[in-house]
Amino acid sequence: MQSVIWPSECMILDTSDQPLSADILFPYAWDESMCRQMKADSPALIHIWRHPKAFVLGLRDRQLAYVSQAANWLLGQGYDVAVRNTGGAAVPLDLGVVNISLVMPNPHHTLNFRDDFARMVRFIRQSLLPWTSAIHVGEIKGSYCPGDYDMSLNGLKFCGIAQRRQAKGFVVQAFVNVEEIGTARTDIARSFYERASSGVEQYPIIDTDRTASLNELIPLSSAHAFIERFKEVVSETFLRVNAITVGSHEEMFSHRQILQTMDDLRLRYAIVKG
């Protein structure tokens, strides 16, 4: 894998135990706002977060014939529903899923998106070395949100990665299924597509046995254990690492600006079809 260049400093915001907002769009708006503020000498930013029950659509999912009816059905099942502005397809989230966002400056305005994915793959590989070195990277057909940078063990996907590039920075987002929840995630994703599609459009065909959680595959005890190991790897990567506490983050970043970004994303990527 090609070596990548890192900024010397990183700032970590870990809200995995204390979400900043119940609205699923908040962490995506945080990423978007932080990326817009990137400068050539900005530190890297990492946000680690979880959500109790959400279903996040990809941009392509908005084109399905009955997407609004399917979204309303999800709301009736107690899911918070939104569309994210990064690549990929729909992803169900719960407290067993650890979401990681890496926001980095792009001072040379490079377009090699594969390097962006490689950075996140490297973080997750190194984080899991105490338990396994047998991680495969490549699309797992039949999984939800399939992509070239799926991460898997024994043919079972546990992580998906997406990215978004802006003029001065980029965002890489990963969802990592750490704790099991049976087949609930694949079942809800498959049910969504069955309801959202007219049967004519192309959409992911989801198999129950193509996705798993890490604690079903390796002796990893909890989401908390994974998060702590991930932060250790971050500390080993950068010369300086500073934690952004939940109480102090508003002093550094405009909460009002993030709320405005949420409104912009909700309007720009509204679910209106059907």
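Computed from a predicted structure; not experimentally measured. (Residues numbered from 1 in each chain as written. Predicted model: local features only at pLDDT ≥ 70, side-chain atom pairs only at ≥ 80, totals over all residues. Heavy atoms only, no water.)

### Side note on the sheet that holds strand β5 (residues 91-94)
Part 1: The three strands lie next to each other as β4-β3-β5, forming an open sheet whose pairing is mixed. Each edge of the sheet is formed by a strand with only one pairing partner; in this case those strands are β4 (80-83) and β5. On average, each strand axis in the sheet is inclined to that of its neighbour by 20 degrees, with strand direction left out of account.
Part 2: Here strand β3 (residues 53-57) runs beside β5; their pairing, made up of four bridges, is antiparallel. The residue bridging Ala54 from the neighbouring strand is Leu93, located in β5. (Pairing = 2+ DSSP bridges. Helix = DSSP H or I, 4+ residues; strand = E, 2+ residues; numbered from the N terminus. Axes fitted to C-alpha atoms, helices over the stretch in contact; angles between N-to-C directions.)

### A closer look at helix α6 (residues 223-237)
Part 1: An ideal rise of 1.5 Å per residue puts 21 Å on 15 residues; α6 measures up with 21 Å between its terminal C-alpha atoms.
Part 2: Here α6 has its buried residues at Ala223, Phe226, Ile227, Arg229, Phe230, Val233, Val234 and Thr237. Seen end-on, α6 carries its buried residues on one side only, within an arc spanning 165 degrees. (Expected span 1.5 Å × (residues − 1). Buried < 20%, exposed > 50% of the residue type's maximum accessible area, 1.4 Å probe, protein only. Arc of directions from axis to C-beta.)

### A closer look at the environment of Pro219
Part 1: If you trace the backbone, Pro219 turns up in the loop between α5 (214-217) and α6.
Part 2: Assessed through its relative accessible area of 69%, Pro219 is described here as exposed.

### A look at the packing of aromatic side chains
Part 1: Going through the model one piece at a time under the given rule, you end up with nine aromatic pairs.
Part 2: Seen in terms of ring centroids, Phe123 and Phe230 are 5.4 Å apart; in terms of plane orientation they differ by 50 degrees. Their pairing is tilted. Of this pair, Phe123 sits in helix α3 (residues 113-127) while Phe230 sits in helix α6, and the two are 107 residues apart along the sequence. Note on accessibility: Phe123 and Phe230 belong to one class, buried.
Part 3: With 6.2 Å between their ring centres and 40 degrees between their planes, Phe226 and Phe230 make a pair best called tilted. (Phe/Tyr/Trp six-rings, centres within 6.5 Å; stacked < 30°, edge-to-face > 60°.)

### Some details on empty space enclosed by the protein
Part 1: Scanning all chains against the criterion turns up three cavities of 30 Å³ or more.
Part 2: Considered as a void within the structure, the largest cavity measures approximately 140 Å³ in volume.
Part 3: Residue lining of the largest cavity: 16 residues in total, with Tyr28, Arg84, Gln173, Ala174 and Phe175 positioned closest to the centre.
Part 4: At the level of secondary structure, the elements contributing two or more residues to the lining of the largest cavity comprise β5, β6 (97-105), β9 (156-165) and β10 (169-177).
Part 5: A breakdown of the residues in the lining of the largest cavity according to their chemical character gives 10 nonpolar, five polar and one charged.
Part 6: Its volume calculated, the second largest cavity comes out at about 70 Å³. (1 Å grid on protein atoms, 1.4 Å probe; cavity = no way out; pocket = protein on both sides within 12 Å on 5 of 7 lines; lining within 4 Å. Points joined across faces, edges and corners; volume = space filled by probe spheres on them. Nonpolar A, V, L, I, M, F, W, Y, C, P; charged D, E, K, R; others polar.)

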